[in-house]
Amino acid sequence: MPEDSTETPSIVTCTAPVNIAVIKYWGKRNEDLILPINSSLSVTLHQDQLKTTTTVAISRSFQEDRLWLNGKEEDIRHPRLQSCLREIRRLARKRRSDGDPRSTESVGLSHKVHICSVNNFPTAAGLASSAAGFACLVYTLAQAFGVEGELSGIARQGSGSACRSMYGGFVQWIMGHKEDGKDSVAQQVEPEGHWPELRILVLVASAERKPIGSTSGMQTSVQTSLLLKHRAEAVVPRRMVDMIEAVQRKDFPAFAELTMKDSNQFHATCLDTHPPIFYLNSVSQQIIHLVHRYNKYYGETRVAYSFDAGPNAVIFTLQQFVPEFVQLVRHFFPPDRNGEDFIKGLLVKCADIPVELKQSIGLEPVPKGINYIISTKAGPGPRVVEDPSQHLLSVEGLPKKMV
């Protein structure tokens with residue numbers, strides 16, 4: 001319990017988004033600073049469907065720093081979390097010593113913090129939960145301590161891809177070349193409203209934890225995969241240029257082809273790792289077949305897939321093609337639920353599938369292969385939650401469900 005329960009803590013709550021890389025980050029040149037061996041580019045997903053919410057409370061009456069994740073108290077001494085906390089406190093001290101009038105005078109820099117964070121999506125199932133989590137942590141701590149400016153480099157020290165969740169829309173993580181990592185930061189390529197027709201479908205094939213986490217997987221790949229070295233040095237630099245051009249031109253066929261090729265090459269480097277890493281499963285492979293056969297039937301690229309370090313497919317398409325493709329997914333991966341629960345998020349209209357299309361695709365249905373679909377689009381970066389009733393911590397500094 002707090003030592004002095006009469007003091008009301010300073011409380012801030014923020015939300016941050018998930019991002020999906022279309023040019024993948026895989027491999028670090030510096031493990032401690034989390035500096036990547038190649039640049040990457042992602043789409044920030046809308047927080048109405050996928051987000052992390054974090055509340056930070058600061059008070060002189062707290063005895064120690066504490067952390068709760070998804071309802072369970074966790075060890076706050078985790079090195080990456082400590083890196084973020086230490087850096088925010090350092091910047092806050094610097095602002096105060098510089099006499100910046102915008103620094104938060106009411107918050108003592110030696111005061112302890114309580115942090116409570118929840119995801120509205122499965123953690124560690126290949127849905128970039130650590131990216132949203134650390135982006136939200138850094139953004140909320142910055143608000144609480146009155147720190148402004150470039151925060152993506154701090155978020156990067158928590159989880160590499162978290163730096164991309166500090167912005168909305170289309171975001172590149174510039175790998176940088178400095179040994180101290182100061183130039184390894186995220187930068188918005190285009191805002192969330194740039195390509196309003198673009199739609200994203202997350203096909204959740206599994207909500208279980210990954211058998212091999214991203215951090216250990218990357219380390220093994222860097223040590224053993226010659227393909228990864230070739231990819232970082234010879235392939236990604238050109239792809240980054242081409243992908244940025246495709247996004248800026250809103251050229252879906254070019255965007256889609258690059259997205260699929262880069263996803264496949266990423267998983268090829270996982271197979272080239274020794275021993276090999278398998279993130280995709282049989283359902284993932286069926287989705288890949290479905291996409292290519294669908295595009296072939298129409299003679300144009302209408303749909304693209306991307307897979308991170310897990311079996312869940314992220315489908316990119318244009319708004320006009322969503323109803324038919326979702327109906328195809330429902331047909332070839334029949335859910336055990338017929339209701340609207342199968343599709344979460346943005347409304348998807350019903351559509352009829354031509355018999356010839358089903359026959360042309362010709363896959364054997366996989367019942368219950370996909371648990372559900374999250375329908376979403378590009379969205380904004382982190383936001384402050386103004387409504388105090390949405391705080392996850394009480395005025396005592398404890399999770400509200402515990403009070």
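Let me sum up the structure you'll find in this document. (Residues numbered from 1 in each chain as written. Predicted model: local features only at pLDDT ≥ 70, side-chain atom pairs only at ≥ 80, totals over all residues. Heavy atoms only, no water.)

**Topic: the pattern of salt bridges**
Part 1 of the reasoning: Counting across every chain of the model gives 15 salt bridges.
Part 2 of the reasoning: As a salt-bridge pair, Arg-77 and Asp-75 come within 3.0 Å of each other at their nearest N and O atoms.
Part 3 of the reasoning: Salt bridges here are not isolated pairs; linked through shared partners, they connect Arg-231, Arg-239 and Asp-262. (Salt bridge = Lys/Arg side-chain N within 4 Å of Asp/Glu carboxyl O.)

**A word on helix α4 (residues 214–224)**
Part 1 of the reasoning: Within α4 the residues assigned to the buried category are Gly-217, Met-218 and Ser-221. Viewed along the axis of α4, the buried residues span an arc of 100 degrees, placing them on a single side of the element.
Part 2 of the reasoning: Next to the buried residues of α4 lie β3 (28–30), α5 (226–249) and α6 (252–272). (Buried < 20%, exposed > 50% of the residue type's maximum accessible area, 1.4 Å probe, protein only. Helix = DSSP H or I, 4+ residues; strand = E, 2+ residues; numbered from the N terminus. Arc of directions from axis to C-beta. Contact = heavy atoms within 4.5 Å.)

**As for unusual backbone geometry**
Part 1 of the reasoning: His-274 connects to Pro-275 through a cis peptide bond whose omega is -5 degrees.
Part 2 of the reasoning: With respect to the helices and strands, the residue Pro-275 is situated in the loop between α6 and α7 (282–298).
Part 3 of the reasoning: Phi is positive for Lys-250, close to 55 degrees, though the residue is something other than glycine.
Part 4 of the reasoning: The topology assignment puts Lys-250 in the loop between α5 and α6.

**As for the nonpolar core**
Part 1 of the reasoning: One finds Phe-255, Ile-287, Ile-315, Phe-316 and Phe-325 to be the most contacted residues of the largest nonpolar core, which totals 66 residues.
Part 2 of the reasoning: With near-sequence residues (within four places) excluded, Phe-325 lies in contact with Leu-201, Leu-290, Val-291, Tyr-294, Val-303 and Ile-315.
Part 3 of the reasoning: Counting 30 residues, the second-largest nonpolar core is a separate cluster that includes Ala-16, Leu-81, Ala-92 and Ala-142. (Core = buried A, V, L, I, M, F, W, Y, C linked by side-chain atoms within 4.5 Å.)

**Some thoughts on the packing of aromatic side chains**
Part 1 of the reasoning: Under the counting rule described, the total for this entry stands at 12 aromatic pairs.
Part 2 of the reasoning: A ring pair is formed by Trp-195 and Phe-252, whose centres lie 6.4 Å apart and whose planes are at 75 degrees; its orientation type is edge-to-face. Here Trp-195, found in the loop between β11 (186–190) and β12 (198–204), pairs with Phe-252, found in helix α6; they are 57 residues apart in sequence, far enough to count as distant.
Part 3 of the reasoning: Among the aromatic residues, those joined into a cluster by ring pairs are Phe-170, Trp-195, Phe-252, Phe-255 and Phe-316.
Part 4 of the reasoning: For Arg-302, the ring lying beneath its charged end belongs to Tyr-298, and the centroid distance is 3.7 Å.
Part 5 of the reasoning: When the ring centre of Tyr-372 is taken as reference, the NZ or CZ atom of Lys-344 above it lies at 4.9 Å. (Phe/Tyr/Trp six-rings, centres within 6.5 Å; stacked < 30°, edge-to-face > 60°. Lys NZ or Arg CZ within 6 Å of the ring centre and 35° of its normal.)

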